[in-house]
Amino acid sequence: MKIVVIGASAGGSRALETLLSCLPADFSVPILLVKHHDSGSGTDMVKWLHNRTTLDVHLAEDKEHIQAGSIIVAPPSYHLLLETDGSVSLSIDEPVMHARPSLDVLFESAALAFGDEVLCLVLTGASRDGAEGAEAIRKAGGKVYVQDPETAEVPVMPRAALGKSGAGFVLGLSDLTKKLLEFANE
Amino acid sequence: MTSPVPRSSQDVNNLLEAMTAQYGYDFSGYAPASLNRRIHRHMQSFNIESVENLKQIILKDEQAFADLLRSLSVPVTEMFRDPPFFKYLREQVLPWLATFPFIKIWHAGCATGEEAWSMAIMLHKAGLLSRSQIYATDYNEEALTTARRGIYDSPLLDTWQRNFKESGGEGDLSDYCFQRYGSLRMDRTLQQHITFANHNLVTDHAFGEMNLVLCRNVLIYFSRDLQNRVLDLFKESILPGGLLCLGPRETMRFSSVADSFEPVEHEWKIYRLKQGFQL
Ligand SMILES: C[S@@+](CC[C@H](N)C(=O)[O-])C[C@H]1O[C@@H](n2cnc3c(N)ncnc32)[C@H](O)[C@@H]1O
């Protein structure tokens, strides 16, 4: 079973809009999303995305099962983790690099649970959160693509997540969408 | 499911079995993803190379086991965490509690105790504390020691005040906690109505005849099977018509006890034990 994990931070709302609004309603791979929240309500973020994609978007509920056609969003103040059986768990473990939810926590759990079945995208952001998790996914045989730091609103996060991997893994938003579609159809 | 089983999972199972056999702590029903993460973080901070290694160490060394236990527990909490939830309790639940001659409340998984202290403050403000008994339990003895002592770091006061105000609390929170030498000390008179006790939800028994049970952000650490067992324990502990509060992202929807409860408040996951369902 395949899974897409996406991390976004500063500037991420617009990038997510561009990325996700192009996916068809029958997109066959479940998507898990961590977006750093400035504060408060993840419900706002879900509502915002809801009007911009044909996929079902909702805040994660503990132990729900991932499903094709769904984007499960990490709730504010909770880490989101993927289990081997395809359910998700939440935790309020300490923030990682000041972030909860944290990209690293989601990515590392996905690497452990789904190994080479993971496609990971890292979008714009000012944090280095996600770099270690992305490395864990590469080590487990999964694929990591990052938003081109040149065109990202804030380049720090995609640049950090790129690690030592080469230019082929740096893509503009429309090419990232293409990668998602390719991955689903593989 | 075709997903690969992580290579270390057998080692982790062996470790968990050893912990149960030697010390009576059973983590086999915990949700693997966060449990694995905490085990690996513990190994990093104690410079232990493998899970197998960790197992050997804790089998020989009780102190090493205590260290691991501490790493596995996540006693993260806050005074009046989720203010709108406390507002709901204040406005909707306290008037109902007031109809009882004696009030029993259980905080399961209370961590360092802030939630129990918050409850005591609310009950006191409503004039109900004198006939209330709060039980606050956790398996983390170190967290319980902090809870009992009721002394916290002063810088927390700002967050506490904000949460208290947002929860509709009137007056000043500092009526209930005193600043001294950079720390905050909770009012002793509240404490007479709180019993902090060691209790393990996996292995220990039900508590009797509760009007209200709060178990927030604890079930997220458990797999569905263990969640069901613990929810059963709560069902046994609650009086017919009594209330159970879970964390805002936790649900009873997938559970075997769902039929025995009816939802009272959806957003804050408050459920009522139906009348005919007590043993
Ligand atoms: C994240 S804290 C939640 C604190 C508080 N209820 C809140 O929501 O703010 C989780 C607590 O559950 C406790 N816990 C975990 N497993 C437990 C068990 N088997 N029995 C009792 N407590 C447990 C941990 O020690 C930790 O203190």
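Definitions and cut-offs
Residues numbered from 1 in each chain as written. Chains lettered and ligands numbered in written order. Predicted model: local features only at pLDDT ≥ 70, side-chain atom pairs only at ≥ 80, totals over all residues. Heavy atoms only, no water. Near = heavy atom within 4 Å. Polar contact = N/O pair within 3.5 Å; in protein donor to acceptor, adjacent residues only side chain to side chain. Areas by Shrake-Rupley, 256 points an atom, 1.4 Å probe, with all protein chains shown as cover. 1 Å grid on protein atoms, 1.4 Å probe; cavity = no way out; pocket = protein on both sides within 12 Å on 5 of 7 lines; lining within 4 Å. Sits in = over half its atoms within 2 Å of the grid points. Nonpolar A, V, L, I, M, F, W, Y, C, P; charged D, E, K, R; others polar. Helix = DSSP H or I, 4+ residues; strand = E, 2+ residues; numbered from the N terminus. Contact = heavy atoms within 4.5 Å. Domains from an automatic or database assignment. Buried area = accessible area lost by both parts, 1.4 Å probe. Salt bridge = Lys/Arg side-chain N within 4 Å of Asp/Glu carboxyl O. Axes fitted to C-alpha atoms, helices over the stretch in contact; angles between N-to-C directions. Parallel < 35°, antiparallel > 145°, perpendicular 65-115°, else oblique.

A. Molecular detail of the site of the ligand. Neighbouring the ligand are 22 residues, the closest being Tyr30(B), Ser73(B), Thr77(B), Asp138(B) and Asn200(B). Those chains with residues close to the ligand are chains A and B. Contacts to the ligand include Asn200(B), whose side-chain N or O atom sits 2.9 Å from a nitrogen atom. In this structure, Leu201(B) approaches the ligand through a main-chain N or O atom, which is 2.9 Å from a nitrogen atom. If the ligand stood free it would expose 600 Å²; the protein chains cover 99% of that surface. Of the pockets mapped on this structure, the ligand occupies the largest cavity. Here the residues of the shell around the ligand sort into 11 nonpolar, seven polar and four charged.

B. View of the side chain of Lys55(B). Examined against the element boundaries, Lys55(B) turns out to sit in helix α3 (residues 51-60). The residues touching Lys55(B), leaving out its near neighbours within four places in the chain, are Asn14(B), Leu15(B) and Ala18(B).

C. Seen up close, the domain arrangement of chain B. All names here are of chain B. The domains assigned to chain B are domain 1 (9-72) and domain 2 (83-273). Carbon and sulfur atoms make up 54% of the area that domain 1 and domain 2 hide from each other, which totals about 930 Å². When the area that domain 1 buries against domain 2 is broken down by residue, the three leading residues are Gly-29, Tyr-30 and Arg-70, summing to 45%. The interface formed by domain 1 and domain 2 holds one salt bridge in total. The partner of Glu-142 in a salt bridge is Arg-70, with the nearest N and O atoms 3.3 Å apart. Viewed at the interface, domain 2 and domain 1 are joined by three residue pairs in polar contact (both at pLDDT 80 or more). When the residues that make up the side of domain 1 that touches domain 2 are grouped by side-chain class, the tally is six nonpolar, three polar and two charged.

D. Structural view of the packing of helix α3 (residues 103-114) of chain A against helix α4 (residues 131-139) of chain A. Residue and element names in this part refer to chain A. At their nearest, the axes of α3 and α4 sit 7 Å apart, and the two run at 10 degrees to each other. Of the possible angle classes, the one that applies to α3 and α4 is roughly parallel. Of the residues in α4, those in contact with Asp-104, Phe-107, Glu-108 and Ala-111 of α3 are Ala-131, Glu-132, Gly-133, Ala-134, Ala-136 and Ile-137. Of the residues that constitute the contact of α3 with α4, the class distribution is six nonpolar, one polar and three charged.

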